[in-house]
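Structural description and commentary
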Amino acid sequence: MSLSNELDTSTKEVEVTTQKASENDALSSRRKFLSAAGLGLGVVSTLPFVSTPVLADEKTTTKTKKLAKTAYGASTAEKEIKVVSLERLQDEVKKVVPKAGFEFASGAAGGEWTMHENRRAFDDYRIAPKRLVGLSWNDIDTSTKLLGLDMASPIMVAPMGAHAMIHEGDERATAKGAGLANTLYCSSGASNATLEQIANATNGPKWFQLYYNNDEGVTKSLLTRAKNAGYSAIILTADALGPGQPENFIAMGSPFRPDRLFGNHDPKMGGKGNFFDQKTALTTKDIEFIKSFTGLPVIVKGILRPDDAKRFVEAGADAIQVSNHGGRQIDGVPASMTALPAIAKAVNKKVPIILDGGVRRGIDIVRAIAMGANAVAVGRPMLYGLGLGGSLGVKSVIEFLNKDLVAAMILSGAGKLADLNPSYIDIVGENAKFNKYNS
Ligand code: FNR
């Protein structure tokens, strides 16, 4: 089969019906009963009689599209999935996606210390919950405003490239899932689909992540296309040399799909330029350039130092994203959560702060918001949801995390995100030492 034939097959769609209204109704009444009893989804989904989480109020039959398999064999699943925790999804997705896709998505740079530290560091931020504060479930408000967007929750999908390594529906399925969950989708400059295709796939808000190209014409064309396609902000990734490649993936010979190139640059898809010709000599002038060229807000992503954050805010950055790229670029840098408090202090609420890296639970979001973040981005678990259930799988992951956040807030004694502050946290261990040194 030629490469172009493979591409054709991968985009062929067949309609299937996944969820019958009557099944939905039955589960809906169980869900309503359990929710009246004060049980959140995390509890519901562990009960034996509920096989898959479904939307309680969905009355109509859900029609979804099923994609044909290609020679590469990425997932074609399209269904809502049962989520017990985001961490458990990694073992489940390993069984259903090609090894190349799993190793590409799940791993990180070098010995993966930073990736694991992203998770471990949360443990140093112990929640000090407030009791008898008169909160009931209906009081919990996870909404926030971010760069002009009204968001129902502070969770967004982090920019990630090459989703066709996981699912034949590529970034279009992920973006669609984010839209179904009314969630901000950040579209990677390294996507397999074009930024226009991705924009069309979601009804939700969207930002575009730029890999700045050495060829200024290519950079300008990407920015113009992003603005025309309706992206409302630009993320400048400042910490990457190209797609991160974990050691297990390199050991396999870096098997990126030959039939799915980088959509924004692929001439067959109307793109131009060399994706790998990325500008490393970035300076604060590039922030100013993106702002003046597009007129859109700019988020600078990949920040781990307070002095950098201050410099970038002074140069006009509209938001700072505390991130180490999920540990995928340089190993040995601190966890995002470790870097957050000093950066929040330096930024001093002048612009919003987004944190990503290891966010898996509602309690992680409580800790990040309490220590100065305004929102969080989630990476790998979104790809795991994609592999296990396509767009509906992504939706399931987001809905689970939203509910987990509500439970974490009521149990922490915080009614709204603005209530959270450092008084809710005791910092211990390595992070206590680090923050003492940096304050
Ligand atoms: C990424 N990330 C990333 N970031 C970015 O700015 N542009 C990109 O193209 C990519 N590509 C990418 C691919 C894959 C497979 C992963 C897992 C991650 C980094 C991403 O935006 C985010 O910083 C981390 O994924 C957050 O960490 P967690 O949630 O995955 O632990």
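The structure contained in this document is the topic of the report that follows. Computed from a predicted structure; not experimentally measured.

Quick notes on the rules
- Residues numbered from 1 in each chain as written.
- Predicted model: local features only at pLDDT ≥ 70, side-chain atom pairs only at ≥ 80, totals over all residues.
- Heavy atoms only, no water.
- Helix = DSSP H or I, 4+ residues; strand = E, 2+ residues; numbered from the N terminus.
- Contact = heavy atoms within 4.5 Å.
- Areas by Shrake-Rupley, 256 points an atom, 1.4 Å probe, with all protein chains shown as cover.
- Expected span 1.5 Å × (residues − 1).
- Buried < 20%, exposed > 50% of the residue type's maximum accessible area, 1.4 Å probe, protein only.
- Polar contact = N/O pair within 3.5 Å; in protein donor to acceptor, adjacent residues only side chain to side chain.
- Near = heavy atom within 4 Å.
- Nonpolar A, V, L, I, M, F, W, Y, C, P; charged D, E, K, R; others polar.
- Phe/Tyr/Trp six-rings, centres within 6.5 Å; stacked < 30°, edge-to-face > 60°.
- Lys NZ or Arg CZ within 6 Å of the ring centre and 35° of its normal.
- Pairing = 2+ DSSP bridges.
- Axes fitted to C-alpha atoms, helices over the stretch in contact; angles between N-to-C directions.
- Salt bridge = Lys/Arg side-chain N within 4 Å of Asp/Glu carboxyl O.
- Lys, Arg positive; Asp, Glu negative; His and termini not counted.
- Arc of directions from axis to C-beta.

1. Concerning the overall build of the chain
In terms of helices and strands, the chain carries 16 helices and 14 strands. Taking contacts inside the chain between residues at least 6 apart in sequence as the whole, the part at least 24 apart equals 76%. Surface summary for the chain: the accessible area is close to 18300 Å², and the carbon and sulfur share equals 53%.

2. Overview of helix α9 (residues 216-228)
Note on helix geometry: an α-helix contains 3.6 residues per turn, so any two residues three or four positions apart are oriented the same way. Here α9 spans 18 Å end to end across 13 residues, near enough to the 18 Å set by a 1.5 Å rise per residue. For α9, the full list of buried residues reads V218, T219, S221, L222, L223, R225 and A226. Packing partners of the buried residues in α9 comprise α8 (195-201), β8 (206-210), β9 (234-237) and α11 (284-294). One side-chain oxygen at the N-terminal end of α9 lies 2.9 Å from the backbone nitrogen of G217; it belongs to D215. Just downstream of α9 lies G230, where phi reads positive at about 100°.

3. Describing the site of the ligand
Neighbouring the ligand are 24 residues; P159, S188, T237, D356 and R360 lie closest to it. Between an oxygen atom of the ligand and a side-chain N or O atom of T237, the distance comes to 2.7 Å. At a separation of 3.4 Å, an oxygen atom of the ligand approaches a polar side-chain atom of S323. Within the complex, the protein chains bury 98% of what would otherwise be the 600 Å² of accessible surface of the ligand. If you list the elements that add at least two residues to the shell around the ligand, you get α5 (99-106) and α15 (380-412). Considered class by class, the residues forming the shell around the ligand number 9 nonpolar, 10 polar and 5 charged.

4. Quick look at the packing of aromatic side chains
All told, the structure shown has 10 aromatic pairs when counted by the stated rule. Counting every residue linked through ring pairs, the aromatic cluster contains F104, Y211, F249, F256, F262, F275 and F276. Directly above the aromatic system of Y424 lies the positively charged group of K130, at a separation of 4.4 Å from the ring centroid. Directly above the ring of F104 sits R328, whose terminal nitrogen or CZ lies 5.0 Å from the centroid.

5. Focus: the side chain of N435
By secondary structure assignment, the location of N435 is in helix α16 (residues 429-438). Setting aside its immediate chain neighbours within four residues, N435 contacts Y125, T338, P341, A342 and I427.

6. Points about the sheet that holds β9
Ordered in space as β6-β7-β8-β9-β10-β11-β12-β13, the 8 strands form a closed barrel in which the pairing is parallel. Averaged over all neighbouring strand pairs, the angle between strand axes comes to 30°, with direction disregarded. When strand β6 (residues 155-157) meets strand β7 (residues 184-187), the two strands line up parallel, connected through 2 bridges. Paired with V157 across the bridge in β7 is Y185. Across the sheet, helix α12 (residues 306-314) touches β10 (298-303) and β11 (319-322), and the angle it forms with β10 is around 165°. The strands that α15 touches are β6 and β13 (375-378); relative to β6, the one it contacts most, it runs at about 165°.

7. Things to note about the pattern of salt bridges
Inspection of every chain in the model, using the stated rule, returns 23 salt bridges. Note that K395 is salt-bridged to E399, the shortest N-O span being 3.9 Å. Taken together, the residues K395 and E399, both in helix α15 and 4 residues apart, mark about one turn of the helix. Between D419 and K416 there is a salt bridge; the shortest N-O distance is 3.0 Å. Assessed through its relative accessible area of 27%, D419 is described here as partly exposed. A single salt-bridge network, built from bridges that share partners, covers E168, D170, R172, R257, D259 and R260.

8. A few points about the side chain of K206
Structurally, K206 is set in strand β8. One buried charged residue, K206, remains without a salt bridge, the closest side chain of opposite sign being E196 at 12 Å. The residues touching K206, leaving out its near neighbours within four places in the chain, are L184, Y185, A199, A229, G230, Y231, S232 and A233.

9. Here's the deal with helix α6 (residues 113-120)
By the burial criterion, the buried members of α6 are T114, M115, E117 and N118. The buried residues of α6 occupy an angular sector of 165° when projected down its axis, which confines them to one face. Those residues of α6 hidden inside the fold are in contact with α5, α13 (336-347) and α15.

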